[in-house]
Amino acid sequence: MLLHAQSLTHCFENTLYKDLELTLESKQSIAIMGVSGSGKSTLLHNLSTMLKPTSGQVMLFGLDIYSLKPHILLTLRREKIGIIFQAHYLFRGFSVKENLEIASILSGNGIDMELLEKFGIAHTLHQDIGSLSGGQQQRLSIVRILTKKPKIIFADEPTGNLDSQSAYDVMECLLGFIRDSDSGLLIVTHDINVAKMCDRAYKLEHGVLEKL
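Quantities reported herein were computed from a predicted structural model and do not represent experimental measurements.

**Q** With reference to specific residues and values, describe the overall build of the protein.
**A** The helix and strand tally for the protein stands at seven helices and ten strands. Expected size for 212 residues packed as a compact globule is a radius of gyration near 17 Å; at 17 Å, the protein falls within 12% of this value. Seen along its three principal axes, the alpha-carbon backbone of the protein occupies a region of about 50 × 40 × 35 Å. When burial is assessed residue by residue, the protein has 49% of its 212 residues classed as buried. For the protein, the proportion of contacts with a sequence separation of at least 24, taken over those separated by at least 6, is 69%. Surface summary for the protein: the accessible area is close to 10,100 Å², and the carbon and sulfur share equals 52%.

Here's what the structure looks like:
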């Protein structure tokens, strides 16, 4: 089991959700849908070590992550967790290759040309980031995360800036990656077609996580 969350509760000015439970296994993909403000991104942050919940427990790889010392949690995040944000967070003024080399230094893994080919951006290797389309930048941001071979991937609207065919292609690559690497994928999305490609899909509504 890669992830198990139980009795998960998060409150801001009101209670976003209470006593949620969720489990993610190796080679499994889960999609979470919901309207804006429903708390789905907050839930993703709770599960991915970025935001401590109000109460409840999140177990990753058998470890209670919010009981870990900060430096141990940081190591866990760096070595085993991949987080794909809506924003690209690429280094402007650098080439595609240089962006990947920075990621490679941090992960200890080399540039994976096969991944670049699968995501359709191998031909951009020597281009400046500013010359890429929004879709190409999104694909590069995903490849950069996959370069470190994470055991679990958390993705916040990774296909939000892509057309339907590109979204399908990117999802196929992500799903292929988790099958080949025994990792898992938890994705937040507004796209029902993306959700249908996952093994399980849920809707977060009125603080309740319901299976679709």
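**Q** An account of the nonpolar core is needed here, citing residue identities and associated values.
**A** Phe-119, Leu-140, Leu-146, Met-171, Leu-174, Leu-185 and Ile-187 are the most contacted members of the largest nonpolar core, which has 36 residues in total. Secondary-structure elements contributing two or more residues to this core are β3 (29–33), α3 (96–107), α4 (113–118), α5 (134–146), β7 (152–156), α6 (164–181), β8 (184–188) and α7 (192–197). Considering each element in turn, this core owes the most residues, eight residues, to α6. Within the second largest apolar cluster, 29 residues are counted, among which are Tyr-17, Leu-44, Ile-65 and Leu-186.

**Q** Residues and numbers for the pairing of strand β10 (residues 208–211), please.
**A** Bridge count between strand β9 (residues 200–205) and β10: four bridges; the pairing is antiparallel. Directly across from Leu-204, in β10, lies its bridge partner Leu-209. Linking β9 to β10, which pair antiparallel, is a turn of two residues; within it His-206 sits at a positive phi near 55°.

**Q** Describe the sheet that holds strand β6 (residues 81–84), and please don't skip the residues or the numbers.
**A** Taken in spatial order, the six strands line up as β6-β7-β8-β3-β9-β10 in an open sheet, and their pairing is mixed. One side of each edge strand has no neighbouring strand; the edge strands of this open sheet are β6 and β10. Neighbour to neighbour, the strand axes of the sheet diverge by 20° on average, direction disregarded. Note: β7 against β8, five bridges, orientation parallel. Within β8, the position partnered with Ile-153 by the bridge is Leu-185. Set on the sheet, helix α2 (residues 70–80) makes contact with β6 and β7; between it and β6 the angle comes to about 75°. Running at roughly 150° to β8, α6 makes contact with β3, β6, β7 and β8 of the sheet.

**Q** Describe the sheet that holds strand β4 (residues 55–60), naming the residues involved and giving the relevant values.
**A** One open sheet holds the four strands; their spatial order is β2-β1-β4-β5, and the pairing between them is antiparallel. At either margin of the open sheet sits one strand with a lone partner, and together these are β2 (15–24) and β5 (63–64). As judged from the five bridges shared by strand β1 (residues 3–11) and β4, these two strands associate in the antiparallel manner. The partner of His-4 across the bridge, within β4, is Met-59. Strand contacts of helix α1 (residues 40–47): β1, β2 and β4, with the helix running at about 130° to β1, the strand carrying the most contacts.

**Q** Quick rundown of α1? Include the residues and the values.
**A** With six of its eight residues buried, α1 lies for the most part within the structure. All buried positions along α1 are accounted for by Lys-40, Thr-42, Leu-43, Leu-44, Asn-46 and Leu-47. Thr-49 sits one or two residues past α1 and shows a positive phi near 80°.

Calculation notes
- Residues numbered from 1 in each chain as written.
- Predicted model: local features only at pLDDT ≥ 70, side-chain atom pairs only at ≥ 80, totals over all residues.
- Heavy atoms only, no water.
- Helix = DSSP H or I, 4+ residues; strand = E, 2+ residues; numbered from the N terminus.
- Rg over C-alpha atoms; globule rule 2.2 N^0.38 Å.
- Buried < 20%, exposed > 50% of the residue type's maximum accessible area, 1.4 Å probe, protein only.
- Contact = heavy atoms within 4.5 Å.
- Areas by Shrake-Rupley, 256 points an atom, 1.4 Å probe, with all protein chains shown as cover.
- Core = buried A, V, L, I, M, F, W, Y, C linked by side-chain atoms within 4.5 Å.
- Pairing = 2+ DSSP bridges.
- Axes fitted to C-alpha atoms, helices over the stretch in contact; angles between N-to-C directions.

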